[in-house]
Amino acid sequence: MIRRVLLLLLASFLLCAGAGQAQAAGYRYWSFWERDGEHWVYATQGPSLARPSDGDVQGFRFAVSEDSASATRPRGTADFATICAKTPAQDGRKRVALVIDFGTPADAPGGETPPAARTACARVSPDATTAEALAAVAKPLRYDTNALLCAISGYPEKGCGEQVSQRQDQRQGPAAEEKAPPDDGPSLGLVAGIAVVVLLGGAAIWQVRRRG
């Protein structure tokens, strides 16, 4: 009998854990990428620190994601030669190809419509950062007080890395999104649920022993 009670408790615990994961939150933000051959790789530095070389391709994507592992990559396959074909090389300058993907309507904050994705070739000084290259071709940029990139070419008009619940995401449609990833620790609801399961388990076992 005690074994049956423990199995029921384990099932209840797994249901609580699943409920906590189902309500996991994501963030709506501009993610920053670097092109490695034909593949996009999530950048390990922010655009204000990264210093691309001449001929590099870098991308930005506005979307919603829980963390870097689930972030949506920029769309399009244009390479450096294609993006910078009409921007000739110049002594003392470097060229950086940029892919700017404003996301889908599902990614957009309420009341806003994302512009069409575009590419640009920034010709900047040799020591320029990605942020400086972006500013050269996609103003106005908007940052928050923590230097988090909030808007490119004025999009979105407001908001910056705001948290979006999965339930809210589903109402808006499928969406993939620089903000720190959400905390991986258990939610308050999950902790409370586990506590209830433990209390009920203790009471159930006590009742079994009493009847025995």
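In what follows, the accompanying structure is described. Throughout this description, residue numbers start from 1 for each chain and increase along the sequence as written. Residues qualify for local features only when their pLDDT is at least 70, as the model is predicted, and side-chain atom pairs are given and counted only at 80 or more; totals for whole chains, interfaces and linings, by contrast, use all residues. Derived side-chain values reflect all non-hydrogen atoms in the structure, with water molecules and hydrogen atoms excluded from consideration.

Another point: the side chain of serine 31. Its place among the elements puts serine 31 in strand β1 (residues 25–36). The term polar contact refers here to a pair of N or O atoms within 3.5 Å; inside protein, the definition further demands a hydrogen-donor-capable atom paired with an acceptor-capable atom, and it admits residues adjacent in sequence only when both atoms are side-chain atoms. Within the local environment of serine 31, its side chain forms a polar contact with the side chain of tryptophan 33, the two groups lying 2.8 Å apart. Here a helix means four or more residues in a row that DSSP labels H or I, a strand means two or more in a row labelled E, and each is numbered from the N terminus.

It is worth spelling out the nonpolar core at this point. Residue types Ala, Val, Leu, Ile, Met, Phe, Trp, Tyr and Cys, when buried and joined through side-chain atoms within 4.5 Å, form a set referred to as a nonpolar core. Remark: exposure states derive from per-residue accessible area (1.4 Å probe, protein chains only) relative to the maximum for the residue type, with buried under 20%, exposed over 50%, and partly exposed in between. Counting residues in hydrophobic clusters, the biggest one holds 20 residues, and the most contacted among them are Trp30, Phe60, Leu98, Ile100, Leu134 and Ile152. Elements with a contribution of two residues or more to this core: β1, β3 (57–65), β4 (94–101), β5 (118–124) and α3 (130–137). The next biggest cluster of nonpolar side chains, apart from the first, holds 12 residues, and it includes Tyr27, Ile83, Val99 and Cys121.

It is worth spelling out the state of the cysteines at this point. Two cysteine sulfur atoms make up a disulfide if the distance between them is within 2.5 Å. Going through the model one piece at a time under the given rule, you end up with two disulfides. Shown here is the disulfide that connects cysteine 84 with cysteine 121, its sulfur atoms set 2.0 Å apart. Judged by the torsion about the S-S bond (100°), the cysteine 84/cysteine 121 disulfide is right-handed. With cysteine 84 in the loop between α2 (80–83) and β4 and cysteine 121 in strand β5, this pair connects stretches of sequence that are 37 residues apart. When sorted by exposure, cysteine 84 lands in the same class as cysteine 121, which is buried. Along the chain, the cysteines that take part in disulfide bonds pair up as 1-2, 3-4, counted in sequence order.

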